[in-house]
Amino acid sequence: MRKPDVLLALLVIPGMLASCTTTQPDYFSPSQSSVTARKMQARVYPSVDESDVMSAAAAVLQDMGYSIDEVEARLGVISASKRADATNRLQAFGTLTLDSMKCALTFLMACSGNHYGVIDDVQDIRLTMVSMPQSDGSVAVRITIQRRIYDKRGRLSEQSTISDAAVYDMLFAKLSKAVFLEEQGI
Amino acid sequence: MSRRLLTLIPLLALAACASNNAAITASDSQVHVRQMQTRVYDSLDKLDTLRSVLATLQDLGFVIDTADYEMATITATKLQDYQLRVTVTVKDRNYNQLAVRANARIDDQIIDDPATYQDFFTVLDKAIFLTRHDVD
């Protein structure tokens, strides 16, 4: 081996070895915003029974068209899911416009309509409500929500945890009403 | 098609089966895996510990798939650019301790990095402390 080759090998081999040692991301490290997330996702209901809160939660989920997937009363867990429409008119308009422009600009040579397939079609929404009794007699409820969006070809286009405060506000408004109704036996 | 090629085909098919079946069981040492995934707590309160696990998982952005008090098992999923799935079990140990074990998968990969499990137990330690002292 000539000298430049040896030098090159000395440089390349450690480089290759370094690329083998992958560091895994911090999957279980809470994010900086975990306190903010907890505030957004949790509410406390004073002087109520945990069973009343859980019944109210199940009723609210049924009101919104969810199917209950998992219930564990001793741990205060209810998980539910539903499939819903995910069509976004703005996205559909933009995509169809893009397809039409491509078709016109290529003098009808590239009218494939490929972009139409990537328009969002349906979404699978899953959520968990966990109730936690507090020592002062109140019950804390925390909700976490996730969704998967599929395009018109049936391919996964997005999966995420919902972090829109307005969604949680709306859910808790419905739950508060349901807890009141539950307490009144309505 | 030559005879040699014909004899090769079943061998190749068998090789393909073997590689797929290897994923059903794992090759790692059971003792090493258990040590990495388990932490022991000086507590006998299974309910509080399971509730702390739930709080931890929600803090980390998980949705609960299944939860069972009798079997003391909770499975949860987190969706981001990846799908992270974790199962946590709680077991009695040594008459006055509970062992909490977590095993996690990221998409189709087993998480075998001890630091990742340490991160999980660090968050759980805090949740157990807060549950014991009843702090929100």
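The rules behind these values
- Sequence order sets the numbering: in each chain, residues are counted from 1 along the sequence as written.
- Each chain is given a letter, starting from A, and each ligand a number, starting from 1, according to the order in which they appear as written.
- Two thresholds apply to this predicted model, a pLDDT of at least 70 for residue-level local features and 80 or more for giving and counting side-chain atom pairs, whereas whole-chain, interface and lining totals are computed over all residues.
- For helices the rule is a DSSP run of H or I covering at least 4 residues; for strands it is a run of E covering at least 2, with both sets numbered from the N terminus onward.
- Any residue whose C-beta has 12 or fewer other C-beta atoms within 10 Å is treated as exposed, any with 20 or more as buried, and any in between as partly exposed, C-beta atoms being built from the backbone.
- Contact between two residues is assigned when their C-beta atoms, built from the backbone, lie within 7 Å.
- Residue-level confidence of the predictor is summarised by pLDDT, bounded by 0 at the bottom and 100 at the top.
- Residues are sorted three ways: Asp, Glu, Lys and Arg are charged, Ala, Val, Leu, Ile, Met, Phe, Trp, Tyr, Cys and Pro are nonpolar, and all the rest, Gly among them, are polar.
- Between any two strands, pairing holds if DSSP finds at least two bridges.
- Orientation is described by lines fitted to C-alpha atoms, with helices fitted over the stretch in contact, and by angles between N-to-C directions that extend from 0 to 180 degrees.
- Throughout this description, any angle smaller than 35 degrees is read as roughly parallel, any larger than 145 degrees as roughly antiparallel, any in the 65 to 115 degree range as roughly perpendicular, and the remainder as oblique.
- Each crossing is labelled by how the near helix is turned from the far one, with a counterclockwise turn of less than a right angle marking it left-handed and a clockwise turn marking it right-handed.
- For a helix, the expected span equals 1.5 Å multiplied by the number of residues minus one.
- Any set of buried Ala, Val, Leu, Ile, Met, Phe, Trp, Tyr and Cys residues joined through C-beta atoms within 7 Å is what this text calls a nonpolar core.
- To be clear, the arc concerns the directions from the helix axis to the C-beta atoms.

Undergrad: In this structure, what is going on with the overall build of chain A? I would like to understand it.
TA: Within chain A, the regular secondary structure consists of five helices and six strands. The burial tally for chain A puts 24% of its 186 residues in the buried class. Taking all contacts inside chain A whose residues are at least 6 apart in sequence as the whole, residues at least 24 apart take part in 59%.

Undergrad: Before we go on, may I ask you to explain the confidence of the model for chain B in this structure?
TA: Low-pLDDT portions of the prediction should not be read for the details of their coordinates. Residue and element names in this part refer to chain B. A residue-level look at chain B finds 84% of positions with pLDDT of 70 or above and a mean pLDDT of 86. Model confidence for chain B, summarised as mean pLDDT per element, is weakest for helix α1 (residues 3–21) at 65 and strongest for strand β2 (residues 63–68) at 97. Taken over the whole predicted complex, pTM reads 0.78, whereas the ipTM for its chain interfaces reads 0.77.

Undergrad: So what exactly am I meant to see when it comes to the interface of chain B and chain A here?
TA: Accessible area lost on assembly of the parts is the figure often given for the size of an interface. Residue-level contacts link 29 residues of chain B with 29 residues of chain A. Broken down by secondary-structure element, the contributors of at least two residues to the side of chain B that touches chain A are α3 (46–59), β2, β3 (73–79), β4 (83–93) and α4 (114–132) of chain B. Here the element with the most residues in the side of chain B that touches chain A is β2 of chain B; it accounts for six residues. By residue class, the composition of the side of chain B that touches chain A is 14 nonpolar, six polar and nine charged.

Undergrad: What's the story with the pairing of β4 of chain B in this structure? I'm lost.
TA: For a regular strand, the rule is simple: side chains alternate between the two faces of the sheet. Residue and element names in this part refer to chain B. Both β3 and β4 contribute to a ladder of seven bridges, which runs antiparallel. Bridge assignment links A76 to a residue of β4, and that residue is V86. Linking β3 to β4, which pair antiparallel, is a turn of three residues. Across ten bridges, the pairing between β4 and strand β5 (residues 97–106) is antiparallel. Counterpart to V86 in the pairing with β5 is A104. Count of turn residues in the β4/β5 antiparallel hairpin: three residues, of which N94 carries a positive phi of about 55°.

Undergrad: Sorry if this is basic, but what is going on with the packing of α3 of chain B against α4 of chain B here?
TA: All names here are of chain B. Orientation of α3 relative to α4, taken along the N-to-C sense of each, is 125°, at an axis distance of 8 Å. Considering the angle they form, α3 stands oblique to α4. Handedness of the crossing formed by α3 with α4: right-handed. Between α3 and α4, the residues in contact are D48, T49, R51, S52, V53, A55, T56 and D59 and V123, L124, A127, I128, T131 and R132, respectively. Residue composition of the contact of α3 with α4, by class: six nonpolar, four polar and four charged.

Undergrad: I'm lost on unusual backbone geometry in this one. Help?
TA: A negative phi angle is the norm for most residues apart from glycine, just as the trans form is the norm for most peptide bonds. A positive phi angle, close to 40°, is found at S47 of chain A, a residue other than glycine. Along the chain, S47 of chain A falls in the loop between β1 (42–45) and α3 (50–63). Phi angles above zero are rare outside glycine, and Y95 of chain B is one such case at about 65°. Structurally, the position occupied by Y95 of chain B is in the loop between β4 and β5.

Undergrad: Got a minute to help me understand α3 of chain B in this structure?
TA: In an α-helix, one turn spans 3.6 residues, which is why side chains three or four residues apart end up on the same side. All names here are of chain B. For α3, spanning 14 residues, the distance from its first C-alpha to its last is 20 Å, which sits close to the expected 20 Å at 1.5 Å a residue. With eleven of its 14 residues buried, α3 lies for the most part within the structure. What α3 keeps buried is the set T49, L50, R51, S52, V53, L54, A55, T56, L57, Q58 and D59. Immediately beyond the C-terminal end of α3, within one or two residues, lies G61, with a positive phi of roughly 90°.

Undergrad: What is the right way to read the nonpolar core from this model?
TA: Across soluble globular proteins, nonpolar side chains have a tendency to be buried as a group. Among the nonpolar cores identified, the biggest contains 58 residues, and V53 and A57 of chain A together with L54, I64 and I74 of chain B are the most heavily contacted of them. At six residues, the largest contribution of residues to this core is made by α3 of chain A. Beyond its immediate stretch of four places on either side in the chain, I64 of chain B contacts E70, V77, S79, T128 and V130 of chain A together with L54, L57, I74 and A76 of chain B.

Undergrad: What's the story with helix α5 (residues 165–183) of chain A in this structure? I'm lost.
TA: All names here are of chain A. Between its first and last C-alpha, α5 extends 27 Å over 19 residues, near the 27 Å set by a 1.5 Å rise per residue. Residues of α5 that are buried include every one of Y168, L171, L175, A178, V179 and E182, and no others. Taken around the axis of α5, the buried residues stretch over an arc of 105°, which confines them to a single face. Facing away from the buried side of α5 by more than 90 degrees, the exposed set consists of A166, D169, M170 and A173. At its buried positions, α5 is contacted by α2 (34–41), β1, α3 and β5 (139–151).

Undergrad: Could you clarify how one ought to interpret the pairing of strand β4 (residues 120–133) of chain A in this entry?
TA: All names here are of chain A. Where strand β3 (residues 77–85) meets β4, nine bridges bridge the pair, whose relative direction is antiparallel. Each bridged residue has a counterpart across the sheet, and for A84 the counterpart in β4 is Q123. Taken together, the 13 bridges between β4 and β5 define a ladder with antiparallel strand orientation. Directly across from S131, in β5, lies its bridge partner V141. With antiparallel pairing between neighbouring strands as the criterion, β4 and β5 make up a hairpin whose turn holds five residues, including G137 at a positive phi of roughly 90°.

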